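Take a look at the letters that make up each chain.
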Amino acid sequence: MIQAIATDMDGTFLRDDKTFDEARFKRILTALDKRKIKLIIASGNQYRQLRLNFPGYDHHFAYVAENGAHIVAGGQTVFENFIDFQTVLACLKFLQKIQPQALHTVAGKESAYMLRDSDPDLVNLLRHYLPEIQLLESFDQLPEDDSIFKLTSLVAEEETQAVREEISQQFANQGLTGTSSGFGCIDIIQKGMHKGKGLSRLLDYWGMKPENLMAFGDGGNDIEILGLVGHPYVMANAPLSMRDLGQLAPTNNEDGVLQVIENYLSTY
């Protein structure tokens, strides 16, 4: 029996235009509440951004945000994990050296940070994901009193794998690694701090077993979640290399997550 359902957002729950069928979702949410099935939003994005997708009823959910570094359930923080501040500065200097043309961002608990000379079109695009942004003249101005969840670099898509490996090798002793969420976006997080780890912590908090969980994903940072749960679903729009990680769900643009959940509820 399914006790909880976890879903990634971009490319999974959300359509490409960042919308979803709200009326259909509300009906499903009512049915999940009736059956006491919990819903978990599992994403590399910030908690403050994720909850904006569900105004008025986000209290129904738990969040595994920041690739597992920030867990919120019932409106209460269950777990937080931050990167050492000096390691953050060292990694930013390295990123600017190896990828001077890339857009680098810092996700803090209080705000996100970018450089003032960043491409304004990209900054405006990222405001969807980073509701609070401070623009700095230099990353040396990064406020030490903010706690940092992760760094993100937006690089040419064909360079993603090479940059990930270079970061992971250079900062192995500091415990950092790079993970891809697709389209040239690399999240730099602490090794072992991924969505699967965060979800496992949340399940322990609730006293649940992974085999009673359904999960949906489409990208590299969903691999650990799909490998953890008893009922994994891979979106049809996911890379072919992920197809053997779970059952195939219709694409995000076909509301595949909602389709699969509805099919399950119709038999339960």
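Here the structure is a predicted model, which means the values were calculated and not measured.

(A) Spatial organisation of the pairing of strand S11 (residues 185-190). Most of S11 is tucked away: 5 of the 6 residues are buried. Of the pairings in the sheet, the one linking strand S9 (residues 148-154) to S11 comprises 4 bridges and is antiparallel in character. Each bridged residue has a counterpart across the sheet, and for Ser 153 the counterpart in S11 is Ile 186. Where strand S10 (residues 176-182) meets S11, 6 bridges bridge the pair, whose relative direction is antiparallel. Looking across to S11, one finds that Gly 178 is bridged to Ile 188. Between the antiparallel neighbours S10 and S11 lie 2 residues, among them Phe 183 with a positive phi of about 60°.

(B) Structural detail: the packing of helix H3 (residues 85-98) against helix H5 (residues 160-170). Where H3 meets H5, the closest approach of the two axes is 11 Å, and the angle between their N-to-C directions is 145°. For the pair H3 and H5, the sense of crossing is right-handed. Residues Phe 94, Leu 95 and Ile 98 of H3 form the contact with H5, whose participating residues are Val 163, Glu 166, Ile 167 and Gln 170.

(C) Region of the structure containing the nonpolar core. Counting 33 residues, the largest nonpolar core has Phe 25, Phe 54 and Phe 216 as its most contacted members. For this core, the secondary-structure elements that each account for two or more residues are helix H1 (22-34), strand S2 (38-42), helix H2 (47-50), strand S3 (61-65), strand S12 (213-217), strand S13 (231-235) and helix H8 (256-266). For this core, the element with the most residues is H8, which contributes 6 residues. Setting aside residues up to four positions removed in sequence, Phe 25 forms contacts with Phe 13, Phe 20, Leu 39, Phe 54, Tyr 57, Phe 61 and Leu 258. Core analysis: the next-biggest nonpolar cluster, separate from the first, contains 24 residues, Leu 92, Leu 136, Leu 151 and Ile 167 among them.

(D) Structural context of the sheet that holds S3. Reading across the sheet, the 8 strands line up as S5-S4-S3-S2-S1-S12-S13-S14 and stay open at both edges, with mixed pairing between neighbours. Taken across any chain shown, the strands that pair with only one partner, and hence form the sheet edges, are strand S5 (76-80) and strand S14 (247-249). Neighbour to neighbour, the strand axes of the sheet diverge by 20° on average, direction disregarded. Packing of H8 onto the sheet brings it into contact with strand S1 (4-7), S12, S13 and S14, and relative to S12 it is tilted by some 160°.

(E) The sheet that holds S9, seen in detail. Taken together, 6 strands build an open sheet; the order of strands is S8-S7-S6-S9-S11-S10 and the sheet is mixed. Strands at the two margins of the open sheet, each flanked by one partner only, are strand S8 (133-136) and S10. Ignoring strand direction, the axes of neighbouring strands in this sheet form an average angle of 25°. As paired strands, strand S6 (residues 103-108) and strand S7 (residues 112-115) are joined by 2 bridges and run antiparallel to one another. Following the sheet pairing, Ala 107 is matched in S7 by Ala 112. The sheet contacts of H3 involve S6, S7, S9, S10 and S11, and relative to S9 the element is tilted by about 0°. Sheet strands in contact with H5 are S10 and S11, and its direction is about 160° off that of S10.

(F) Broad picture of the packing of H1 against H8. Look at H1 against H8: their axes get within 11 Å of each other, and the N-to-C directions meet at 40°. In terms of their interaxial angle, H1 and H8 are classed as oblique. Of the two possible hands of crossing, H1 and H8 adopt the one that is left-handed. Of the residues in H8, those in contact with Arg 24, Phe 25, Ile 28, Ala 31 and Leu 32 of H1 are Leu 258, Gln 259, Ile 261, Glu 262 and Leu 265.

(G) Region of interest: H1. Counted at 1.5 Å a residue, the expected span for H1 with its 13 residues is 18 Å, and the 18 Å between its end C-alpha atoms agrees. For H1, every residue scored as buried is listed here: Arg 24, Phe 25, Ile 28, Leu 29, Ala 31 and Leu 32. Taken down its axis, H1 places every buried residue within 165° of arc, on the same side. Across from the buried face of H1, at angles greater than 90 degrees, the exposed residues are Arg 27, Thr 30 and Lys 34. In this structure, the buried side of H1 is in contact with S1, S2, S3 and H8. Its side-chain oxygen 3.4 Å from the backbone nitrogen of Ala 23, Asp 21 forms the N-cap of H1. The first or second residue beyond H1 is Lys 36, which carries a positive phi of 60°.

(H) Broad picture of the state of the cysteines. Under the definition given, this model contains 0 disulfides. With no disulfide partner, Cys 185 has as its closest neighbouring cysteine sulfur the one in Cys 91, 14 Å distant.

Analysis parameters
- Residues numbered from 1 in each chain as written.
- Predicted model: local features only at pLDDT ≥ 70, side-chain atom pairs only at ≥ 80, totals over all residues.
- Heavy atoms only, no water.
- Buried < 20%, exposed > 50% of the residue type's maximum accessible area, 1.4 Å probe, protein only.
- Helix = DSSP H or I, 4+ residues; strand = E, 2+ residues; numbered from the N terminus.
- Pairing = 2+ DSSP bridges.
- Axes fitted to C-alpha atoms, helices over the stretch in contact; angles between N-to-C directions.
- Left-handed = near helix turned anticlockwise from the far one by under 90°.
- Contact = heavy atoms within 4.5 Å.
- Core = buried A, V, L, I, M, F, W, Y, C linked by side-chain atoms within 4.5 Å.
- Parallel < 35°, antiparallel > 145°, perpendicular 65-115°, else oblique.
- Expected span 1.5 Å × (residues − 1).
- Arc of directions from axis to C-beta.
- Polar contact = N/O pair within 3.5 Å; in protein donor to acceptor, adjacent residues only side chain to side chain.
- Disulfide = S-S within 2.5 Å.

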